[in-house]
Protein chains: 4
Amino acid sequence: MTAARVFSWPVRVYYQHTDAGAVVYHGRYLDFMEAARAEMLRSLGFDVGELVRRERVAFTVHTLQITYHKPARLGDALTVTTRCVETRKVRLVLDQQVRRDAETLAEARLTLACIDALESRPIAIPDVIREAFEALQEGT
Amino acid sequence: MTAARVFSWPVRVYYQHTDAGAVVYHGRYLDFMEAARAEMLRSLGFDVGELVRRERVAFTVHTLQITYHKPARLGDALTVTTRCVETRKVRLVLDQQVRRDAETLAEARLTLACIDALESRPIAIPDVIREAFEALQEGT
Amino acid sequence: MTAARVFSWPVRVYYQHTDAGAVVYHGRYLDFMEAARAEMLRSLGFDVGELVRRERVAFTVHTLQITYHKPARLGDALTVTTRCVETRKVRLVLDQQVRRDAETLAEARLTLACIDALESRPIAIPDVIREAFEALQEGT
Amino acid sequence: MTAARVFSWPVRVYYQHTDAGAVVYHGRYLDFMEAARAEMLRSLGFDVGELVRRERVAFTVHTLQITYHKPARLGDALTVTTRCVETRKVRLVLDQQVRRDAETLAEARLTLACIDALESRPIAIPDVIREAFEALQEGT
């Protein structure tokens, strides 16, 4: 028995991520987490652009809970970790954390829904993607 | 006895808010809600810029839960409603909704912490602001 | 004979527009100008969302020159002015300024191309829009 | 005699960079170029965060000219090239291009001013930075 595998993705803080409080604006963490999810998909063999254009498949955020513990600052090297905690027919549940070295700066749980990208209606996650996420979830 | 007063703020969807799914990108709702909070403060007599520069006072998002029900699209006229549900010494709890006419597109609960803007540490909400929020909370 | 009419649109600076330099991030001026162009179109009777969805018509920025004179800050009330300086078959040339009271903070010249929104190729500006811009250009 | 050295930095297009036209929003190219400049500085031994916090030194965009040739799309792997074309006492002139493989999608020229980060007034570029840029400019 193994723990769920964690996908790690590095991000660097630039001026466009910060605000007048001299820290990263709270909304930018959602961008960091979006980038990490796109790269997790890429690591599984799926490109978000081709999924939309060729397969009409997209994942949209349905619910998101985030807690901000400590601020990130300009120039920081951050790591976003992503862990798949549940795979259902239409939805995925992911845990994502934004870290700086050993510190957890923010942690989030998201529910994503798979949709038909043209009609914006829920569809079953394609088998090949669902199986890749299930494999991630179970660990290797 | 009256219900808590609701502050409403209109926002319009421009290209910068949308993404390749032809809907508003999930992170932009946080910007719409931030704008609505700044304008609610302004309606109470406080400017976010002067609070930081003159009083070293800022409010940062500590926790945020958001559910996305329906997508907003380019050109939409939206309304952000903000309701103060709890006022404590250092924290505020707010409910915010993003609506299009009678439809609720997204709804969120946020906990905000009052901080010293230079040192990024929690401070008591200044009395004059806390009292304005308490008045809002109780209704008129 | 009169000067070209100027369309003015107010914007307010929120946290999401600022950066760690405690001023508005240089890229956000493009968002302010985009909002002002959308509202100028609306003032002429055209909604950017409906133009894309019903007519497949969009305007994209082809060239942009901008000079930043003074920084805008959190909480500032700004005005974006937009003036149409040239109307051609496929392109428009606009001058836009971002002002705070009497001060010009930034000034830009943009060339916009009209495109078929699905195929991203240049098309003639629809007559009804071109005529509205020409009327603007000539003044009242 | 050698040509000026070019610094290359890869960026990937995620949902937050795109707009309802299914291409990268024109303002996001400024973010890609900002990231590339920060990384060019890092490659020379300077971190934008530490420059501000320890040395009170920042570089702000004074003028920017950009031409958009072809759109970038969701999922694209882009490269931003940066070349220093002139180093003066207070200002730098840079050429930046955003490329996808052999195609130039956008090309820009920027003038950056060195400022005191607390007082937002122009200062001489610190010698150690100016010399690093001059070395870049002359090539190796």
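Remember, it's a predicted structure, so these values are computed and weren't measured experimentally. Here the residue index of a chain counts from 1 through its sequence in written order. Lettering of chains starts at A and numbering of ligands starts at 1, both following the order in which they are written. For this predicted model, a pLDDT threshold of at least 70 governs which residues receive local features, and a threshold of 80 or more governs which side-chain atom pairs are given and counted, while totals over whole chains, interfaces and linings are taken from all residues. Only hydrogens and water are set aside; all other atoms, that is, all heavy atoms of the structure, feed into the side-chain values.

Overview of the overall build of chain A
What counts is decided by this rule: Working definition: helices are DSSP H or I runs of at least four residues, strands are E runs of at least two. Numbering for both runs from the N terminus. All radius of gyration figures rest on C-alpha atoms, and the globule criterion is 2.2 Å times the number of residues raised to 0.38. To sort residues, take the accessible area from a 1.4 Å probe on protein chains only and compare it with the maximum for the residue type: under 20% means buried, over 50% means exposed, and anything in between is partly exposed. Contact criterion: two residues are considered in contact whenever any of their non-hydrogen atoms come within 4.5 Å of each other. Note on areas: Shrake-Rupley with a 1.4 Å probe; residue coverage comes only from the protein chains shown. A positive count includes Lys and Arg, and a negative count includes Asp and Glu. His and the chain ends are not counted in either. One atom stands in for each charge, and that atom is NZ of Lys, CZ of Arg, CG of Asp or CD of Glu.
Regarding its fold elements, chain A presents 3 helices and 6 strands. Computed over C-alpha atoms, the radius of gyration of chain A comes to 15 Å, within 12% of the 14 Å expected from 2.2 N^0.38 for 140 residues, which places it in the range of a compact globule. In terms of overall dimensions, chain A has a C-alpha envelope of 45 × 40 × 25 Å along the principal axes. A buried classification covers 56% of the 140 residues belonging to chain A. Counting contacts in chain A only where the partners sit at least 6 residues apart, residues at least 24 apart contribute 67% of the total. Only carbon and sulfur atoms are counted for the fraction: they give 48% of the accessible area of chain A, which is about 6100 Å². Treating the 19 positive side-chain charges of chain A as one cloud and the 19 negative ones as another, the clouds have centres 2 Å apart.

Describing the relation of the copies chain B and chain A
Put simply, the rule reads: For this overlay, a least-squares fit was computed on C-alpha atoms, restricted to residues scoring pLDDT of at least 70 in both copies.
In the superposition of chain B on chain A (RMSD 0.0 Å, axial shift 0.0 Å), the rotation amounts to 180 degrees. The symmetry that links the two subunits is that of a two-fold axis. Distance from the rotation axis, computed per C-alpha, reaches its smallest value in chain B at Gln65 of chain B: 2.1 Å. A shared binding surface is used by both copies, with 100% of the interface residues of chain B retained as interface residues in chain A.

Remarks on the interface of chain D and chain A
Rules: When two components associate, each loses some accessible surface as probed by a 1.4 Å sphere; the sum of these losses over both components is called the buried area. Under this definition, polar contacts are N or O atom pairs within 3.5 Å; protein pairs additionally need one hydrogen-donor-capable and one acceptor-capable atom, and for neighbouring residues in sequence, both atoms have to be side-chain atoms. Under the scheme applied here, ten amino acids are nonpolar (Ala, Val, Leu, Ile, Met, Phe, Trp, Tyr, Cys and Pro), four are charged (Asp, Glu, Lys and Arg), and all others, including Gly, are polar.
Across the boundary between the two partners, chain D contributes 20 residues, which contact 20 residues of chain A. Looking at the side of chain D facing chain A, the largest losses of area belong to Tyr14, Tyr15 and Arg53 of chain D, adding up to 30% of the total buried there. Where chain D touches chain A, the interface holds 6 residue pairs in polar contact (both at pLDDT 80 or more). Those elements that place two or more of their residues in the side of chain D that touches chain A are β1 (6-12), α1 (28-43) and α2 (48-55) of chain D. The leading source of residues in the side of chain D that touches chain A is α1 of chain D, at 6 residues. In terms of residue class, the side of chain D that touches chain A is made up of 9 nonpolar, 3 polar and 8 charged.

A look at the confidence of the model for chain A
Any residue range with low pLDDT should be treated as having predicted coordinates unsuitable for detailed reading. Operational definition: As a per-residue measure, pLDDT reflects the predictor's confidence and takes values from 0 up to 100.
Summing up the model confidence of chain A, the mean pLDDT is 94 and the portion of residues at 70 or higher is 96%. Across the predicted assembly, pTM comes out at 0.96 and ipTM at 0.95.

Quick notes on the packing of aromatic side chains
Residue and element names in this part refer to chain A. Here is the rule we go by: Pairing of aromatic rings covers Phe, Tyr and Trp, the last through its six-membered ring, and needs centres within 6.5 Å; plane angles under 30 degrees mean stacked, over 60 mean edge-to-face, and all others mean tilted.
One pass over the structure, following the stated rule, counts 16 aromatic pairs over all chains. Each ring, one from Phe7 and one from Trp9, has its centre 6.4 Å from the other, and the planes form 10 degrees; the classification is stacked. Take Trp9: its relative accessible area is 26%, and that puts it in the partly exposed class. Relative to Phe32, the ring of Tyr29 has its centre 6.1 Å away and its plane inclined at 65 degrees; by these criteria the two rings are edge-to-face. Here Phe32 and Tyr29 lie together in helix α1 (residues 28-43), a separation of 3 residues that amounts to about one turn.

With respect to the nonpolar core
Going by this rule: What is meant by a nonpolar core is a set of buried Ala, Val, Leu, Ile, Met, Phe, Trp, Tyr and Cys residues, joined one to another through side-chain atoms within 4.5 Å.
Membership of the largest hydrophobic core comes to 100 residues, with the highest contact counts inside it found for Phe59, Leu64 and Ile66 of chain C together with Phe59, Leu64 and Ile66 of chain D. Setting aside residues up to four positions removed in sequence, Ile66 of chain C forms contacts with Tyr29, Leu30, Met33, Ala106, Glu107 and Ala108 of chain C together with His62, Thr63 and Leu64 of chain D. Judged by nonpolar contacts, the second largest core, of 99 residues, contains Val80 and Cys84 of chain A together with Val24 and Met33 of chain B.

Description of the environment of Thr63 of chain C
By the element assignment, Thr63 of chain C lies in strand β2 (residues 57-68). By relative accessible area, Thr63 of chain C is classed as partly exposed at 23%. In this structure the C-alpha to C-alpha distance between Thr63 of chain C and Ser120 of chain C, which are 57 residues apart in sequence, comes to 16 Å. Not counting the four nearest positions on each side in its chain, Thr63 of chain C is found in contact with Arg109, Leu110 and Thr111 of chain C together with Ile66 and Thr67 of chain D. A distance of 2.9 Å separates polar atoms of two side chains, one belonging to Thr63 of chain C and the other to Thr111 of chain C.

Structural notes on the environment of Pro122 of chain A
Structurally, the position occupied by Pro122 of chain A is in strand β6 (residues 121-122). Residues contacting Pro122 of chain A, with those up to four places away along its chain left out, are Val90, Cys114 and Ile115 of chain A.

Some remarks on the interface of chain B and chain A
The following threshold applies: What counts as a salt bridge is simple: a side-chain nitrogen of Lys or Arg found within 4 Å of a carboxyl oxygen of Asp or Glu.
Contact residues are listed per partner, giving 18 residues for chain B and 18 residues for chain A. Of the roughly 1600 Å² buried between chain B and chain A, counting both surfaces, carbon and sulfur atoms make up 51%. On the chain B side of the contact with chain A, His26, Leu30 and Tyr68 of chain B bury the most area, a combined 27% of that side's loss. Between chain B and chain A we count 0 salt bridges in total. For the interface between chain B and chain A, the tally reads 6 residue pairs in polar contact (both at pLDDT 80 or more).

Some points on helix α2 (residues 48-55) of chain C
All names here are of chain C. Every buried residue of α2 is listed here: Val48, Gly49, Leu51 and Val52. The elements touched by buried residues of α2 are α1 (28-43), β2 and α3 (127-138). Measuring from the backbone nitrogen of Gly49 back to the side-chain oxygen at the start of α2 gives 2.9 Å, which picks out Asp47 as the cap. Where α2 ends, the next residue or the one after it, Arg56, has phi of about 60 degrees, a positive value.

Some thoughts on the side chain of Thr111 of chain A
By the element assignment, Thr111 of chain A lies in strand β5 (residues 103-116). Judged by its relative accessible area of 11%, Thr111 of chain A falls in the buried class.

Focus: unusual backbone geometry
Residues and elements named next belong to chain B. One non-glycine residue with positive phi stands out, namely Ala22, at about 65 degrees. Turning to its location among the elements, Ala22 is positioned in the loop between β1 (6-12) and α1 (28-43). Since its relative accessible area comes to 37%, Ala22 is described here as partly exposed. The phi dihedral of Arg56 falls on the positive side, at around 60 degrees, and the residue is not glycine. Look at Arg56 and you get partly exposed, because its relative accessible area is 33%.

Quick word on the relation of the copies chain D and chain A
In screw terms, the move from chain D to chain A is a rotation of 180 degrees and a rise of 0.0 Å along the axis, fitting with an RMSD of 0.0 Å. Both copies contact each other with a shared surface, as 100% of the interface residues of chain D are interface residues in chain A too.

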